[in-house]
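For reference, the chains in residue letters:
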Amino acid sequence: MENAKKNMKFSTHSVSNENREGLKAWLNPFGYGWERVSYWLQRLTGVFLLIYFVGHVIETSSIIGGPDVWNSMLQLTQTPAGHLFLILVIGTSTFHSANGIRLIFTHLGKGLGEPGRPDYPYSPSSLNYRQKSGIWVALILAAFAMLFGVQVLFGKG
Amino acid sequence: MKIHYVTGVCALFVVAIHIIMRLIMPFSASLTYNNVIGNYHNIFYALLLEIILVLIAVHGFNGLRIILLELRQNRTWEKYVSYGTIIASIAIIAFGTRTIIFANGLEL
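Residues numbered from 1 in each chain as written. Chains lettered and ligands numbered in written order. Predicted model: local features only at pLDDT ≥ 70, side-chain atom pairs only at ≥ 80, totals over all residues.

**Some thoughts on the overall build of chain B**
Regarding its fold elements, chain B presents five helices and zero strands. Reading the helices (α) and strands (β) of chain B from amino to carboxyl end gives α-α-α-α-α. Expected size for 108 residues packed as a compact globule is a radius of gyration near 13 Å; at 17 Å, chain B overshoots this value by more than 25%. Across its three principal directions, the C-alpha atoms of chain B cover 50 × 30 × 20 Å. Of all 108 residues assigned to chain B, the portion counted as buried reaches 19%. Partitioning the intrachain contacts of chain B with sequence separation of at least 6 by distance along the chain shows that 76% fall at a separation of at least 24. (Helix = DSSP H or I, 4+ residues; strand = E, 2+ residues; numbered from the N terminus. Rg over C-alpha atoms; globule rule 2.2 N^0.38 Å. Buried ≥ 20, exposed ≤ 12 C-beta atoms within 10 Å, placed from the backbone. Contact = placed C-beta atoms within 7 Å.)

Here it is, written out as structure tokens:
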């Protein structure tokens, strides 16, 4: 038992020394397909939406200050730049949700295809048209959601 | 990842209701002080906001934890990242809950 604990500690330490590329590897866009773009966008939209969420919770707390405080907060956010920011939030949240649903299915083993013999040109069966079309659907839905956002925020009414 | 998937899917539904509440009337009218405070005074809507707050805080900070643990792996880093994100989630939930309670008009 003691030896097992020591080995576990040693192996954890080794992993930490081997894996030092960190953010540089995470941001490297070269040599990868659409799955990498999706991986990257899922994380970037997630971090962006978390920042928006924290800002939104702080911003809406002005409601307890009364009508004057609420209206002065609205004056800051209800501007063309504020509306463009909201449209970005609509697009990123739609992509994050749609791509997130694809990832849940993928994690459950759905849409990965059958494992096959590794023949030339060695394209993995898991990175198939189902996965790619899921990414494209997420991007198209995000574009439509942003158009709807433009209509609501910049349209009449 | 179970907690991440469950909070993500649940958040999708409750956030949809939250957005619909802003779209059942002209957007600018839905943001007037009287309309928003009226929303907060509705106990069911206040409860919905609390559920959204908890779900998104847990989902968001757990997602941040996953990203940070992908970047580097060792025991100390994992410990600080996990505790840091848990504390941040609790802080934002506490702050948002304070807004919901005061805006709802409940006296503690």
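Back to the write-up after that little detour.
**Concerning the overall build of chain A**
When helices and strands are tallied, chain A shows six helices and zero strands. Put simply, chain A runs from its N terminus to its C terminus through helices and strands in the order α-α-α-α-α-α. Contacts in chain A between residues far apart in sequence, at least 24 positions, make up 73% of those at least 6 positions apart.

**Quick word on the environment of Tyr83 of chain B**
Here Tyr83 of chain B lies in helix 5 (residues 75-104). Measuring from C-alpha to C-alpha, the distance between Tyr83 of chain B and Arg65 of chain B comes to 9.6 Å, with 18 residues separating the pair along the chain.

**Focus: the nonpolar core**
If you look at the biggest cluster of nonpolar residues, it comprises 17 residues, and the most contacted ones within it are Ile56 and Ala57 of chain B. Secondary-structure elements contributing two or more residues to this core are helix 3 (34-60) of chain A together with helix 4 (43-71) and helix 5 of chain B. No other element matches helix 4 of chain B, which puts eight residues into this core. Here Ala57 of chain B is in contact with Ser89, Ile92 and Ile93 of chain B, once residues within four sequence places are set aside. Core analysis: the next-biggest nonpolar cluster, separate from the first, contains five residues, Phe95, Ala98, Ile135 and Ala142 of chain A among them. (Core = buried A, V, L, I, M, F, W, Y, C linked by C-beta atoms within 7 Å.)

**Focus on the interface of chain A and chain B**
Residue-level contacts link 30 residues of chain A with 28 residues of chain B. Looking at the side of chain A that touches chain B, the elements that each hand over two or more residues are helix 1 (2-18), helix 2 (22-27), helix 3, helix 4 (67-77), helix 5 (80-107) and helix 6 (129-154) of chain A. The element that contributes the greatest number of residues to the side of chain A that touches chain B is helix 3 of chain A, accounting for nine residues. Among the residues making up the side of chain A that touches chain B, the classes are represented as 17 nonpolar, twelve polar and one charged. (Nonpolar A, V, L, I, M, F, W, Y, C, P; charged D, E, K, R; others polar.)

**Side note on the packing of helix 3 of chain A against helix 5 of chain A**
All names here are of chain A. Relative to each other, helix 3 and helix 5 sit at 130 degrees, their axes nearing to 9 Å. Compared by their axis directions, helix 3 and helix 5 come out oblique. Here helix 3 runs over helix 5; the crossing is left-handed. When helix 3 is examined against helix 5, the residues Ser38, Leu41, Gln42, Thr45, Gly46, Phe48, Leu49 and Tyr52 are found in contact with a partner set consisting of Val89, Thr92, Ser93, Phe95, His96 and Asn99. (Axes fitted to C-alpha atoms, helices over the stretch in contact; angles between N-to-C directions. Parallel < 35°, antiparallel > 145°, perpendicular 65-115°, else oblique. Left-handed = near helix turned anticlockwise from the far one by under 90°.)

**Focus on the environment of Val81 of chain B**
All names here are of chain B. Structurally, the position occupied by Val81 is in helix 5. Measuring from C-alpha to C-alpha, the distance between Val81 and Asn62 comes to 9.8 Å, with 19 residues separating the pair along the chain. Aside from chain neighbours lying at most four places away, what touches Val81 is Arg65, Leu68 and Leu69.

**Quick look at the confidence of the model for chain A**
Residues and elements named next belong to chain A. Residue-level pLDDT values for chain A average 82, and 84% of them are 70 or greater. Within chain A, the lowest mean pLDDT, 52, falls on helix 1, and the highest, 93, falls on helix 5. Across residues 10-14 the pLDDT falls below 50, and counting only partners more than four positions away or on other chains, this stretch makes two contacts in the model. (pLDDT = per-residue confidence, 0-100.)

**Focus: the confidence of the model for chain B**
On average, chain B scores 90 in pLDDT, and the residues at 70 or more come to 97%. Across the interface, the model reports ipTM at 0.92; the global pTM reads 0.84.

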